[in-house]
Amino acid sequence: KNEVEQSPQNLTAQEGEFITINCSYSVGISALHWLQQHPGGGIVSLFMLSSGKKKHGRLIATINIQEKHSSLHITASHPRDSAVYICAVNPSNTGKLIFGQGTTLQVKP
Amino acid sequence: NAGVMQNPRHLVRRRGQEARLRCSPMKGHSHVYWYRQLPEEGLKFMVYLQKENIIDESGMPKERFSAEFPKEGPSILRIQQVVRGDSAAYFCASSRTGVNTEAFFGQGTRLTVV
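Structural notes, computed from the coordinates.

About the thresholds
Residues numbered from 1 in each chain as written. Chains lettered and ligands numbered in written order. Predicted model: local features only at pLDDT ≥ 70, side-chain atom pairs only at ≥ 80, totals over all residues. Heavy atoms only, no water. 1 Å grid on protein atoms, 1.4 Å probe; cavity = no way out; pocket = protein on both sides within 12 Å on 5 of 7 lines; lining within 4 Å. Points joined across faces, edges and corners; volume = space filled by probe spheres on them. Helix = DSSP H or I, 4+ residues; strand = E, 2+ residues; numbered from the N terminus. Nonpolar A, V, L, I, M, F, W, Y, C, P; charged D, E, K, R; others polar. Buried < 20%, exposed > 50% of the residue type's maximum accessible area, 1.4 Å probe, protein only. Disulfide = S-S within 2.5 Å. Contact = heavy atoms within 4.5 Å. Buried area = accessible area lost by both parts, 1.4 Å probe. Salt bridge = Lys/Arg side-chain N within 4 Å of Asp/Glu carboxyl O. Polar contact = N/O pair within 3.5 Å; in protein donor to acceptor, adjacent residues only side chain to side chain. Phe/Tyr/Trp six-rings, centres within 6.5 Å; stacked < 30°, edge-to-face > 60°.

**Describing the layout of surface pockets**
Point 1. Each pocket or cavity is described by its volume, and for the largest pocket that value is around 520 Å³.
Point 2. Surrounding the largest pocket, 24 residues form its lining, A:Gln37, A:Val84, B:Gln37, B:Glu40 and B:Glu41 being those nearest its centre.
Point 3. The leading source of residues in the lining of the largest pocket is strand E9 (residues 83-91) of chain A, at three residues.
Point 4. In terms of residue class, the lining of the largest pocket is built from nine nonpolar, twelve polar and three charged.
Point 5. Secondary-structure elements contributing two or more residues to the lining of the second largest pocket are strand E10 (98-99) of chain A together with strand E5 (43-50) of chain B.
Point 6. Per element, the largest residue contribution to the lining of the second largest pocket is three residues, and it comes from E5(B).

Below, the structure is given as structure tokens:
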């Protein structure tokens, strides 16, 4: 079993829909990251969080440390949101990242 | 303030050749991480370096792979005698401190072994 699990693996939505991607982890962590990767492209950091909730534009990330679970929400989704979204964690007291398998999101116009 | 710079973006090597991948961290960052993304797989940690030191190489294959981060110049990931299975995207990330800090990624080097 992977230390970081994401669901769903693939997600197709219509433009405007509210989207949720989930991440569960099984190790102690110091921080959790949500990343975005476009096909053939680089990796962009969306959020780093260790507690509570963060919001940036139409993106919201939450984390529940006790339940070892995080969610990434996209409100009013748009075709340009189509990408792979990756959850990653810093195991406690380390800077390296352990990654989930990623969620491939396609938003149709 | 340039981001993390990786070069080359694409690299083609024949089996048995050497591949050298370079990573220049963001200004002010002294921590560098290398990750590998095999086709249809997730990203995997390879090695963590600070200037002139390898801090954690637990993700590096035991043979043919090495990494360095000299006092001057970029970090280098070196793969000797490449095989087809080394074909992957290699990403570098840098951070200001080692723990609890945002990591900034480069665009990656896509290595193809023919």
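**Thoughts on unusual backbone geometry**
Point 1. The amide bond that connects A:Ser7 to the next residue, A:Pro8, takes the cis arrangement and shows omega of -5 degrees.
Point 2. Inspection of the secondary structure puts A:Pro8 in the loop between strand E1 (4-7) and strand E2 (10-14).
Point 3. Residues B:Asn7 and B:Pro8 are joined by a peptide bond in cis, for which omega reads -5 degrees.
Point 4. Relative to the helices and strands, B:Pro8 resides in the loop between strand E1 (5-7) and strand E2 (10-13).
Point 5. Here the phi dihedral of B:Arg64 falls at roughly 75 degrees; this positive angle occurs in a residue that is not glycine.
Point 6. In this fold, B:Arg64 is placed in the loop between strand E6 (53-56) and strand E7 (65-68).
Point 7. A relative accessible area of 24% places B:Arg64 in the partly exposed class.
Point 8. Unlike most non-glycine residues, B:Gln81 shows phi in positive territory, near 45 degrees.
Point 9. Secondary-structure assignment places B:Gln81 in the loop between strand E8 (75-79) and strand E9 (88-95).

**A short note on empty space enclosed by the protein**
Point 1. One pass over the structure, following the stated rule, counts one cavity of 30 Å³ or more.
Point 2. Lining the largest cavity are twelve residues, with A:Asn90, A:Gly95, B:Tyr33, B:Thr101 and B:Ala103 positioned closest to its centre.

**Considerations on the state of the cysteines**
Residues and elements named next belong to chain A.
Point 1. Counted by the stated rule, this structure contains two disulfides over all chains.
Point 2. The residue that forms a disulfide with cysteine 23 is cysteine 87, at a sulfur-sulfur distance of 2.0 Å. One disulfide, between cysteine 23 and cysteine 87, carries an S-S torsion of -65 degrees and so falls in the left-handed class. Here cysteine 23, found in strand E3 (residues 19-25), pairs with cysteine 87, found in strand E9; they are 64 residues apart in sequence, far enough to count as distant.

**Points about the interface of chain A and chain B**
Point 1. Listed by partner, the interface residues are 19 residues for chain A and 21 residues for chain B.
Point 2. Both faces considered, chain A and chain B share a buried interface measuring about 1,600 Å² in area, 56% of it formed by carbon and sulfur atoms.
Point 3. Sorting the residues of chain A by area buried against chain B places A:Ile43, A:Lys96 and A:Phe99 first, and these three jointly supply 32% of that buried surface.
Point 4. Between chain A and chain B we count one salt bridge in total.
Point 5. If you look at where chain A meets chain B, you find six residue pairs in polar contact (both at pLDDT 80 or more).
Point 6. Where the side of chain A that touches chain B is concerned, the elements lending two or more residues are strand E4 (29-37) and strand E5 (43-49) of chain A.

**Some points on the packing of aromatic side chains**
Residue and element names in this part refer to chain B.
Point 1. The tally for this structure, following the rule as stated, stands at five aromatic pairs over all chains.
Point 2. Ring geometry for tyrosine 33 versus tyrosine 35: centroids 6.4 Å apart, planes at 15 degrees, classification stacked. Of the two residues, tyrosine 33 and tyrosine 35, both sit in the buried class.

**Re the pattern of salt bridges**
Residues and elements named next belong to chain B.
Point 1. What the rule picks out here adds up to five salt bridges over all chains.
Point 2. Linking glutamate 18 and arginine 20 is a salt bridge whose minimum nitrogen-to-oxygen distance equals 2.8 Å.
Point 3. Residue glutamate 18 is classed as partly exposed on the basis of its relative accessible area, which comes to 29%.
Point 4. In this structure arginine 20 comes out as partly exposed when scored by relative accessible area, which is 37%.
Point 5. Note that arginine 64 and aspartate 86 form a salt bridge whose closest N and O atoms lie 2.7 Å from each other. Of this pair, arginine 64 sits in the loop between E6 and E7 while aspartate 86 is found in the loop between E8 and E9, placing the two residues 22 residues apart along the sequence.
Point 6. Owing to a relative accessible area of 2%, aspartate 86 belongs among the buried residues under this scheme.
Point 7. One salt-bridge network, held together by shared partners, links Glu18, Arg20 and Arg78.

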